[in-house]
Structures are given as C-alpha cells and as structure tokens.
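# Summary of the model geometry
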Amino acid sequence: MRRRGRALRWGGIAFVLIWSLVPIYWAVKTSLQTESASRERHYLPTGATLANYKKLLTGDGDLPRQIRTSSVNIVIECGAATIVTVVLATLAAFAFARMRFVGQKVLFFGVLATMAFPAYTTLIPLYRIMSDFNLVNTYTGVVLVYVSGFLPLATWVMHNYFASLPTSIEEAALTDGATRMQVLWHVLLPLARPGIISTALITFLFAWAQFLFPLVLTSDDSTQPLTVVIAALQGRHVVPSTLLNAAGVLAVAVPAVLALMFNRYIVNGLLAGSTKQ
C-alpha cells in the first residue's frame, strides 16, 4: 500500500509538472527559433537564436515599441501599487494590532470581509468612479484600483506579523519616552521585515497578473500593461508567432524569477495571512 501510495503521489506530481511546464517550454522553444523553423515539428529548438528578444528589446517598428512601452507601464503600475499598498497596510495593521479604539474589531473584520466579494463585482462601479474623476487611461487610476483590491489581504498579513511580536519590546520603548510612530519605525518595522518583504512580493505578483481591470481602465498604449498588450496581439495575423512567444516569455520571466528567488518569503506571507491570531 505504501508503494502504491508513493507511486500515486509521484505520478500526480509528474502530471502537474508536465501540465504546467510543457506550455512554458514550448513558448520558450518557439521564441528561440525563426518563423520558418517554428513551423517544423521538432521538440528541441533548431538553430536557436536570440534574434526575437533582441528585436523586441532594441528593434524598430510598432510592435517592439509597443512591447517596450507596455513593459515600462506594468513596472510603474505594479511598483507604485506595491509601495502604496505596503505603506498603508503597515500603518493599518499597526493600528489594528497594537492600538485600542472604539469599533476596532468591527472595522478590522469589515476590512477583511471585503475579500469575500469577487473582484469582478466592483469592476463597473470602479470604472464609473475613475471616469468621473478623469482617471481612466492614467497610472493613478490603475494604481488606485490595484491598491483597493490588494489592501485587505496585505493588512491581514501585516496584522498577523505585528500580533506575533512580543509587546514587552514596545512597552519598554514607550516607557523610555518613545512615541507610537518612533516605536513603529525603530522597533517594530525592523522585526517585521520578513512580513514587509512577503507583503510586497505578494502584492507585486498579484498586480503583475492582473488582466481584466487594466483591460477596462486602459485603452491606449500610454498606460496599457504588458499582459493586456500581449493578449491583444493574439488576434493580429501580422504578428509572427515567434515574436508573440518571445513577448509572452518576457512577461512570465519577471514573476517567475521573483517567485524562485523569494519563494520562502511568499510562502511565509501566505501562511501568515491564512492563520488567525
């Protein structure tokens, strides 16, 4: 029975890996070939070349310029959303975990309750609000929408990190005459650094993976992120499949590298956010 169970477990793992990695491998293989070579049925790239990546990153033409512009857009939008979310979540989590005020629990659980609503139910209201304030097709509009969606989870993760820290350190600093903000800045933030890194990584990866919200809120190249632009290219017959796959690999490369390098922080952050203190 143990051998059978072990075989089933490893078989399941192999199936998941094949299911997940084969499409990525095929995209990488196609991106390393010329258009004519990509039509041949080979499982290994023949005449591998980086010409497609070089064309996207340094070449002339509408497609390379569009890819480069959208890459800058997604970095700006995800980076700004991550910074704003982490700052607000840290302040909110500190208040909920360390301060006592009227309606604290009601407000805290009210914030967490917003995570129960599907994000798509807020799409039309958010679009109308952004339209009324002339924030459609702007970095500010996209960042505000991202922050509104990611802030509850980030607050939950940071709250659990702050709640796990001993109160004796904070009490000693307050006894020595430190203010609440000094305690937060000089005492708690250094101790909560793993939580801050985890929150930042999770927020950035979630923002990078967004598609529907930026699709609705951005309609021109000036603010459209890379994920939206690549999806729009799939319907154009004039775009070579090799360039399209190279663009897809570039879009996947950033979150993949972050996930591999900082996997420990991401897992710890998700576990902290799923544990009730």
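See the structure shown above.
Okay, so let's go over this structure. All residue numbers here refer to positions counted from 1 along the written sequence of the relevant chain. It should be noted that, the model being predicted, local features are given only for residues of pLDDT at least 70 and side-chain atom pairs only at 80 or more, the latter also being counted only at that level, while totals for whole chains, interfaces and linings use all residues. Side-chain measures were taken over the full set of non-hydrogen atoms in the model, leaving aside hydrogen atoms and water.

### What about the overall build of the chain?
Scanning the chain for helices and strands turns up 14 helices and 0 strands. When the elements of the chain are put in sequence order from the N terminus, they spell out α-α-α-α-α-α-α-α-α-α-α-α-α-α. Across its three principal axes, the chain shows a C-alpha extent of roughly 75 × 65 × 35 Å. Here the term buried applies to any residue with accessible area under 20% of the maximum for its type, exposed to any over 50%, and partly exposed to those in between, with areas from a 1.4 Å probe on protein chains only. The 277 residues of the chain split such that 37% are buried. Whether two residues touch is decided by their heavy atoms; if any such pair falls within 4.5 Å, the residues are in contact. Contacts in the chain between residues far apart in sequence, at least 24 positions, make up 72% of those at least 6 positions apart. The distance from the centre of the 21 positive side-chain charges to the centre of the 11 negative ones in the chain is 16 Å. Each helix is a run of DSSP H or I of at least 4 residues and each strand a run of E of at least 2, with the numbering of both proceeding from the N terminus. In this tally Asp and Glu are treated as negative and Lys and Arg as positive; neither His nor the chain ends contributes. Charge coordinates come from a single atom per side chain, which is NZ of Lys, CZ of Arg, CG of Asp or CD of Glu.

### Some words on the packing of helix H7 (residues 139–164) against helix H10 (residues 193–208)
Each packed pair of helices is defined by two parameters, the angle between the axes and the distance between the axes. The axes are straight lines fitted to the C-alpha atoms, using for helices just the contacting stretch, and the angles between their N-to-C directions are given from 0 to 180°. Taken N-terminus to C-terminus, the directions of H7 and H10 make an angle of 155°; their axes are 10 Å apart at the nearest point. Classed by the angle they form, the pair H7 and H10 counts as roughly antiparallel. Between H7 and H10 lies a crossing whose hand is right-handed. Across from Tyr146, Phe150, Leu153, Ala154, Val157, Met158 and Tyr161 in H7, the residues of H10 making contact are Pro194, Gly195, Ile196, Ser198, Thr199, Ile202, Thr203, Phe206 and Ala207. Ten residue types, Ala, Val, Leu, Ile, Met, Phe, Trp, Tyr, Cys and Pro, are classed as nonpolar, four, Asp, Glu, Lys and Arg, as charged, and the remainder, Gly among them, as polar. Partitioned by chemical class, the residues of the contact of H7 with H10 number 12 nonpolar, 4 polar and no charged. If an angle is under 35 degrees, it is roughly parallel; if it is over 145, roughly antiparallel; if it lies from 65 to 115, roughly perpendicular; otherwise it is oblique. What makes a crossing left-handed is the near helix being turned counterclockwise from the far one by less than a right angle; a clockwise turn instead makes it right-handed.

### Looking at a nonpolar patch on the surface
What makes a patch is a set of residues exposed beyond 30% relative accessible area and free of salt bridges, joined within 9 Å when like-charged and within 5 Å when nonpolar (Val, Leu, Ile, Met, Phe, Trp, Tyr). Surface accessibility follows the Shrake-Rupley procedure with a 1.4 Å probe radius. Residue values consider only the protein chains on display as shielding. A pairing counts as a salt bridge when a side-chain nitrogen of Lys or Arg comes within 4 Å of a carboxyl oxygen of Asp or Glu. Together, Trp10, Ile13, Leu17, Leu21 and Ile24 make up an exposed nonpolar region whose accessible area comes to about 500 Å². Among the structural elements, Trp10 can be located in helix H1 (residues 2–31).

### Examining unusual backbone geometry
The phi dihedral of Asn134 is positive, around 55°, even though this residue is not glycine. As for its position among the elements, Asn134 is in the loop between helix H6 (123–132) and H7. One non-glycine residue with positive phi stands out, namely Asn137, at about 65°. Along the chain, Asn137 falls in the loop between H6 and H7.

### So, the nonpolar core
The tendency in soluble globular proteins is for nonpolar side chains to be buried side by side. By size, the foremost hydrophobic cluster in this structure holds 40 residues, and its most contacted members are Leu56, Leu63 and Ile67. Not counting residues within four places of it along the chain, the set of residues in contact with Ile67 comprises Leu56, Leu226, Val229, Leu233 and Ala247. The criterion is simple. A nonpolar core is a set of buried Ala, Val, Leu, Ile, Met, Phe, Trp, Tyr and Cys residues joined through side-chain atoms within 4.5 Å. Membership of the second largest hydrophobic core comes to 15 residues, among which are Ala154, Phe162, Leu165 and Leu184.

### Overview of helix H3 (residues 51–58)
Among all positions in H3, only Asn52, Tyr53 and Leu56 are buried. Along the long axis of H3, the arc covered by the buried residues comes to 95°, so they all point the same way. Counted as exposed and oriented over 90 degrees from the buried face of H3: Lys54 and Thr58. The arc in question is traced by the directions running from the helix axis to the C-beta atoms.

### Quick notes on the packing of aromatic side chains
Pairs were defined over the aromatic rings of Phe, Tyr and Trp, the Trp ring being its six-membered one, requiring ring centres within 6.5 Å. Orientation was assigned from the angle between planes: stacked under 30 degrees, edge-to-face over 60, tilted for the rest. Per the stated rule, a full pass over the model turns up 9 aromatic pairs. Considering the side-chain rings of Phe94 and Phe162, the 6.2 Å spacing of their centres and the 70° angle between planes classify their relative orientation as edge-to-face. Within this pair, whereas Phe94 is found in helix H4 (residues 62–98), its partner Phe162 is found in helix H7, the two being separated by 68 residues in sequence. Grouping residues by exposure puts Phe94 and Phe162 together as buried. Relative to Phe206, the ring of Phe150 lies with its centre 6.3 Å away and its plane at 55°, an arrangement referred to as tilted. Of this pair, Phe150 sits in helix H7 while Phe206 sits in helix H10, and the two are 56 residues apart along the sequence. The exposure class assigned to Phe150 is buried, which follows from its relative accessible area of 11%. Cluster of aromatic residues (ring-pair linked, three or more members): Phe96, Phe101, Phe108 and Phe109.

### Quick notes on the side chain of Thr227
Counting through the fold element by element, Thr227 comes out in helix H12 (residues 226–233). Excluding residues within four positions of it along the chain, Thr227 makes contact with Ile74, Trp208, Gln210 and Phe211.

### Section: the pattern of salt bridges
Across all of its chains, the model carries 3 salt bridges by this definition. Three or more residues are tied together by salt bridges with common partners; here these are Arg98, Glu170 and Arg180.

### Some words on the packing of H4 against helix H9 (residues 180–191)
Running from N to C, H4 and H9 cross one another at 105°; their axes reach a closest spacing of 12 Å. In terms of orientation, H4 and H9 fall into the roughly perpendicular class. Residues Thr90, Leu91, Phe94 and Arg98 of H4 touch H9, and the partners they reach there are Arg180, Met181, Leu184, Leu188 and Leu189. A class-by-class count of the residues in the contact of H4 with H9 yields 6 nonpolar, 1 polar and 2 charged.

### Structural notes on the environment of Lys29
Structurally, Lys29 can be placed in helix H1. Once residues within four sequence positions are removed from consideration, Lys29 is found in contact with His42, Tyr43, Leu44 and Pro45.

Treat this as a map of the structure, not an account of what it does.
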